[in-house]
Amino acid sequence: MIRRCHLTKALVGVVLFLAVAATGRAADPPSFVRDIRPLLARHCFACHGPDETHREADLRLDERMAAVEAGAIVAGKPDDSELIRRVFSEDPDESMPPADASTKLSDRERKLLRDWVAAGAEYQAHWAFVRPVKPALPAVANQDWPRNDIDRFVLARIEQAGLQPAAAADRYTLIRRLYLDLIGLPPTVAEADAFVADQDPHAYDRVVTRLLDSAHYGERWARQWLDLARYSDTNGYEKDRPRSIWPYRDWVIKAFNDDMPFDQFTVEQLAGDMLPEATNSQRIATGFHRNTMLNEEGGIDPLEYRFYAMVDRVATTGTVWMGLTTGCAQCHTHKYDPLSHTDYYRLLALLNNADEPDLAVDDQEIRARRERLAQQIEAREAALADHFPPLDGDQPLAARRQSALEAKFADWIASQAATPWAVASPSHVASNLPKLEVLADGSIYSSGDITKRDVFRLQFPLEELTSPITAVRLEVLPDERLPAGGPGRAYYEGRQGDFFLSEVVATVSGQKVPFASGSHSFGKISIGSGSADAANVFDGDGSTGWATAGREGEPHQLVLRLAEPLDANGELTIEMIFERHFAASLGRFRISLTGATGDVLASALPVEIEALLARGSDSWT
């Protein structure tokens, strides 16, 4: 259990250290893990380790079989072992490490190597790959002092040093130490006095239980885990915008307070979203690997920094769960840790998932409060018109507003009926990198990686389309899978769901099809100067374009009228270019064509009508 492994900061270190120290006294042979492997890694593995590209004399000392077969080690016979002979040699041409090496073996280290070979030269795997084994309790002379098994390890080390335990702390000192260790807060005066006055033999145990059950316990110990998880409430780098990942922080605190089993604690953080029927809590747990820094500076390459994030995942996984440094193996097989160049990229491939959807955390208390406020606002808005008397001979304000909405809706219905649009489903889609998928309704959905210059190419057989063609309509569509609901894929803070369409180029059989005019239902650019006029997308200037910033999560239209009607002959190719100083291509969109004559204009459902429809059928007729 997590909580029982973190009783106090002192005990975490003491138990691990003293379990080795008490069972590894001077009379015992050197430990490979504690004494020999660090020595070999420091002095030998650079030339005689896992990295075959830097290996000298075809000798490996990181594997026992290889060292024995080469004659470097003869178990139990140090005088016959080439390693020991070279280590003790005074000949500068034979001594190891070489005379020009930056590190030298001390007399103590030489003796450790000799004693280890004499004892059989046993190798053990790195501790991260070995199942923990409960050590035997050490023998102690003072049988009356230990109160539990941990005390026996502490006392064995004290006795080994020829010392005696210190006198017991007074009860005020004890209660203060206990509070600070378990919850990080001092006791109140009343709590300290109550403990000192309580002479029950179980008083201490009751305080420990109470503090373990305190919400502050998880807050105290989660801090250390959150440091390992690189937790931060901002994105890092130069803009360092706020990051809303506090639900992961609360998940860790709750895991400690609930005494979650460590295997579950591990699985949910590394792969909680991949568990069958994963819960919101398990998805939140994967925040462990979503804490990498995010660079939002305009000049960066998003793919470059996505790769840095994946490298960070590997490094953190290796450090936290395996006690391994992985950075060396990114460029070559690790010289000091048992990780090959190939295994590094196998692990990177396992963690290389850049699909980072936003997760809306549904807090019932917050949602209920918002609903109450929304109902109060709606009630007051509905009654607002009654506070303004009508002008002489005029309709009341509420009636006039209703008439205006009806007129707007009627105009929209008429505009839709005037231009018969036919959805064009492409026969082939391609892009520079994003994955494009044609959905059942004829729309195209984009997923996978994006860049600061994405190009979508769509092909439509003209024989299957209405002829002649006079205009092309692009519908940008919201989708809950996209940042802020889309329709764009920009994921930066303040631009989530945005897009920037720089150019639209239409060709038939390699010949460019010119556009005469354009219109849009809404247009606005979030960052930078310039308008979002529809004509920007065929002006040949990649720095201008069309966007719908500020209206994320809504559908909008762009209509481009052809200079000349297009007959149904050949294949129509539409190329869409998204070029901006941040990655901002479309996430979901649909192409329609029409043969209507006259003015063909973009038209979207008026936002006032959308608002009424969103309220439900009881609010409109």
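Note that the coordinates shown come from a computational prediction; the quantities given were computed from them, not determined experimentally.

How do you make sense of the nonpolar core when you look at a structure like this?
Generally speaking, a soluble globular protein has its nonpolar side chains buried in company with each other. The biggest cluster of nonpolar side chains holds 43 residues, and the ones touching the most others in it are Leu474, Leu501, Trp546, Leu572 and Met576. Residue assignment for this core shows that the elements contributing at least two residues are β5 (453-461), β6 (469-476), β7 (503-508), β10 (556-566), β11 (571-579) and β12 (588-594). In this structure, Ile175, Leu178, Leu212 and Trp221 belong to the second largest nonpolar core, which totals 33 residues.

Help me understand the sheet that holds β5, please; the structure alone is not making it clear to me.
To summarise the sheet geometry, strands pair through backbone hydrogen bonds and adopt either a parallel or an antiparallel arrangement. As summarised here, the arrangement of the five strands in space is β2-β5-β11-β7-β8, forming an open sheet in which the pairing is antiparallel. Every other strand in the sheet has two partners, leaving β2 (428-431) and β8 (511-513) as the edge strands with one partner each. Geometrically, the sheet is characterised by an average inter-axis angle of 25° between neighbouring strands, direction not taken into account. In terms of strand pairing, β7 meets β11 through six bridges, oriented antiparallel. Opposite Val504, over in β11, you have Met576 as the bridge partner.

Can you walk me through the environment of Leu185 in this structure?
By the element assignment, Leu185 lies in the loop between α8 (171-182) and α9 (189-197). Look past the residues within four positions of Leu185 in its chain and what remains in contact with it is Tyr179, Leu180 and His216.

Mind showing me how you'd approach the pairing of β10 here?
Taken residue by residue, a regular strand's side chains alternate between the two faces of the sheet. The pairing of β6 with β10 spans seven bridges and is classified as antiparallel. Paired with Arg473 across the strands is Val559, a residue of β10. Inspection of the sheet shows strand β9 (residues 515-520) paired to β10 by five bridges, in the antiparallel sense. Counterpart to Ser519 in the pairing with β10 is Val559.

What am I meant to see in the packing of aromatic side chains here?
The geometry of an aromatic ring pair is captured by the separation of the ring centres together with the interplanar angle, meaning the angle of the planes. Applying the stated rule across the entire model yields 18 aromatic pairs. Where Phe262 meets Phe265, the ring centres are 5.9 Å apart and the plane angle is 35°; that geometry is what we call tilted. Pair noted here: Phe262 and Phe265 are both in helix α13 (residues 262-271), with a separation of three residues, about one helical turn. A relative accessible area of 41% means that Phe262 is categorised as partly exposed. Overall, the relative accessible area of 1% leaves Phe265 in the buried class. Taken together, the aromatic side chains of Trp225, Tyr248, Trp251, Phe256, Phe262, Phe265, Phe288 and Trp321 make up a single cluster linked through ring pairs. The residue whose ring lies beneath Arg171 is Phe195, and the NZ or CZ to ring-centre distance is 4.1 Å.

I would appreciate a short explanation of the confidence of the model for the protein chain in the present structure.
Any segment with low pLDDT has predicted coordinates that should not be analysed in fine detail. Looking at the protein chain, pLDDT values average 85 and 86% of them are 70 or higher. Counting interchain partners and residues more than four positions distant, the pLDDT-below-50 stretch residues 4-26 has 37 contacts.

I would appreciate a short explanation of the packing of helix α2 (residues 32-43) against helix α6 (residues 107-118) in the present structure.
A pair of packed helices is captured by two measures, namely the crossing angle of their axes and the spacing between those axes. The N-to-C vectors of α2 and α6 enclose an angle of 120°; their axes lie 11 Å apart at closest approach. Classed by the angle they form, the pair α2 and α6 counts as oblique. Considering only the axes of α2 and α6, their crossing is left-handed. Across the interface between the two elements, Phe32, Asp35, Ile36, Leu39, Leu40, Arg42 and His43 from α2 touch Glu109, Leu112, Leu113 and Trp116 from α6.

The rules behind the values
- Residues numbered from 1 in each chain as written.
- Predicted model: local features only at pLDDT ≥ 70, side-chain atom pairs only at ≥ 80, totals over all residues.
- Heavy atoms only, no water.
- Core = buried A, V, L, I, M, F, W, Y, C linked by side-chain atoms within 4.5 Å.
- Buried < 20%, exposed > 50% of the residue type's maximum accessible area, 1.4 Å probe, protein only.
- Helix = DSSP H or I, 4+ residues; strand = E, 2+ residues; numbered from the N terminus.
- Pairing = 2+ DSSP bridges.
- Axes fitted to C-alpha atoms, helices over the stretch in contact; angles between N-to-C directions.
- Contact = heavy atoms within 4.5 Å.
- Phe/Tyr/Trp six-rings, centres within 6.5 Å; stacked < 30°, edge-to-face > 60°.
- Lys NZ or Arg CZ within 6 Å of the ring centre and 35° of its normal.
- pLDDT = per-residue confidence, 0-100.
- Parallel < 35°, antiparallel > 145°, perpendicular 65-115°, else oblique.
- Left-handed = near helix turned anticlockwise from the far one by under 90°.

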